[in-house]
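Residue strings, one per chain:
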Amino acid sequence: MRLLITGGSSYLGQHLTPLAAATGDVWYTYLHNDPLSQPYGRPLDLRDDTAVHHLITTLRPDVVIHTAGSNRIPDMEAVIVTGTRNVTAAAAAINARLIHLSTDSIFNGRHDAPHPPPYDEDAPPSPVNAYGAAKARAEAIVAAYPNHVIVRTSLIYGLQQPDHSTSWMAAALRAGKPVTLFTNQLRNPVWAHTLSLACLELAVNAYRGILNVAGQQVLSRAEFALRLLDWWQIQPRDTLVEGASLGGEWPLDCRLDLRRAAAVLTTPLSGVDEVLTAVRRI
Ligand SMILES: NC(=O)c1ccc[n+]([C@@H]2O[C@H](COP(=O)([O-])OP(=O)(O)OC[C@H]3O[C@@H](n4cnc5c(N)ncnc54)[C@H](OP(=O)(O)O)[C@@H]3O)[C@@H](O)[C@H]2O)c1
């Protein structure tokens, strides 16, 4: 089986690509950065439909895992929406299976909404910000192609290099800038290793449609951040405060119902404390 990973340079991609390459025929793409520096990496701008079509129809992967595009990148809307449209069309041209990474941020996180959390796979998107709206549009594009899986996931963390939020917090704390940890934003943080294994399972199994894939343990962003600050031994913390978010910019309660994933996947969806305890023992 040949696998193509878009966004091999993403935080997730840097975990997923080496894991996949250890067992099979793998290619990955990046835009500006190639931290993996492997001969099977290729630069690709997903906004360029001709380039996307050319690369995918030349490599002819059996499976495309589409991780590229996040809330941190410039030209976010075009990369997420146009990029996903281009990847989906090219995958369809060669009948490749498409695994698309989505997010719990497609939901509004409100308890008074018609579909309140925890969100199962039937919950319709209700985004509150531009990132969530773009990811929801990308989902709709992917959903029109039959051989797809939309992986809705939550905050991604790794234990080899700090995740984006932890890196940002560390820099702000070292610079003496205020950092507020929200006590009322609920998430199911997922270990990048767990999510990578789940994506590789989905590459070869028969599941189609939306699947929530995240860690079983629900934590507030504050609880999660403090665990990772401890793990990375980040000091000082004088400018750290905990407080409630009013919920304007990011949704509050994005708990995911993981029962379907637990039935479909053999990969354990371990929560943060379970992962940290297990890794400390190694
Ligand atoms: N991080 C999280 O906590 C989280 C939570 C839920 C869902 N997700 C989803 O998981 C996936 C991975 O997230 P991440 O945080 O690991 O991503 P990330 O580290 O922010 O990386 C973004 C990726 O997009 C690539 N990219 C940007 N513009 C591009 C373009 N025009 N053409 C091609 N590639 C382009 C970047 O390439 P270069 O680095 O080469 O520029 C990079 O590989 C995303 O789909 C995201 O929505 C992430």
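Here the structure is a predicted model, which is why all the values come from computation and not from measurement.

S.K.: Help me understand helix 1 (residues 11-21) in this model?
M.R.: Because an α-helix completes one turn every 3.6 residues, residues spaced three or four positions apart along the sequence face the same direction. Most of helix 1 is tucked away: eight of the eleven residues are buried. The complete set of buried residues in helix 1 reads Y11, L12, G13, Q14, H15, L16, T17 and A20.

S.K.: Looking at this structure, I do not really get the site of the ligand. What am I missing?
M.R.: Near the ligand there are 30 residues, and of these G7, S10, Y11, L31 and S70 occur at the shortest range. Those elements that provide at least two residues to the shell around the ligand are helix 1, helix 3 (76-93) and strand 5 (97-103). The element best represented in the shell around the ligand is helix 1, accounting for three residues. Class assignment of the residues belonging to the shell around the ligand gives a composition of twelve nonpolar, 14 polar and four charged.

S.K.: Hey, could you run me through the sheet that holds strand 5 in this one?
M.R.: As a general point, the strands of a sheet are linked pairwise by backbone hydrogen bonds and lie either parallel or antiparallel. Pairing in this open sheet of seven strands is parallel, and the strands run 3-2-1-4-5-6-11 from one edge to the other. Because the sheet does not close on itself, it has two edges, and the strands there are strand 3 (41-43) and strand 11 (209-212). When the angles between neighbouring strand axes are averaged without regard to direction, this sheet yields 20°. In this structure, strand 5 lies alongside strand 6 (residues 148-153), joined through six bridges in parallel fashion. Bridging from a neighbouring strand, H100 pairs with I150 of strand 6.

S.K.: Would you mind going over helix 7 (residues 221-231) with me for this structure?
M.R.: Among all positions in helix 7, only R221, A222, F224, A225, L228 and L229 are buried. All buried residues of helix 7 fall inside an arc of 160° around its axis, so they share one side.

The rules behind these values
- Numbers given to residues run from 1 along each chain, matching the order in which its sequence is written.
- Per-residue local features are limited, in this predicted model, to residues with pLDDT of at least 70; the limit for side-chain atom pairs, both in listing and counting, is 80 or more; totals at the level of whole chains, interfaces and linings are taken over all residues.
- Residues with at least 20 other C-beta atoms within 10 Å of their own are called buried, those with 12 or fewer are called exposed, and the rest are partly exposed. The C-beta atoms themselves are positioned from the backbone.
- Numbering of helices and strands runs from the N terminus; a helix is a DSSP stretch of H or I covering at least four residues, while a strand is a stretch of E covering at least two.
- Each residue gets a C-beta atom placed from its backbone. Should that atom fall within 6 Å of a molecule or strand, the residue is termed near it.
- Amino acids outside the nonpolar list (Ala, Val, Leu, Ile, Met, Phe, Trp, Tyr, Cys, Pro) and the charged list (Asp, Glu, Lys, Arg) are all regarded as polar, and Gly is one of them.
- In this analysis, strands are considered paired if DSSP registers two or more bridges between them.
- Fitting a line to C-alpha atoms yields each axis, with helices limited to the stretch in contact; the angle taken between N-to-C directions then spans 0 to 180 degrees.
- The directions from the helix axis to the C-beta atoms form the arc being described.

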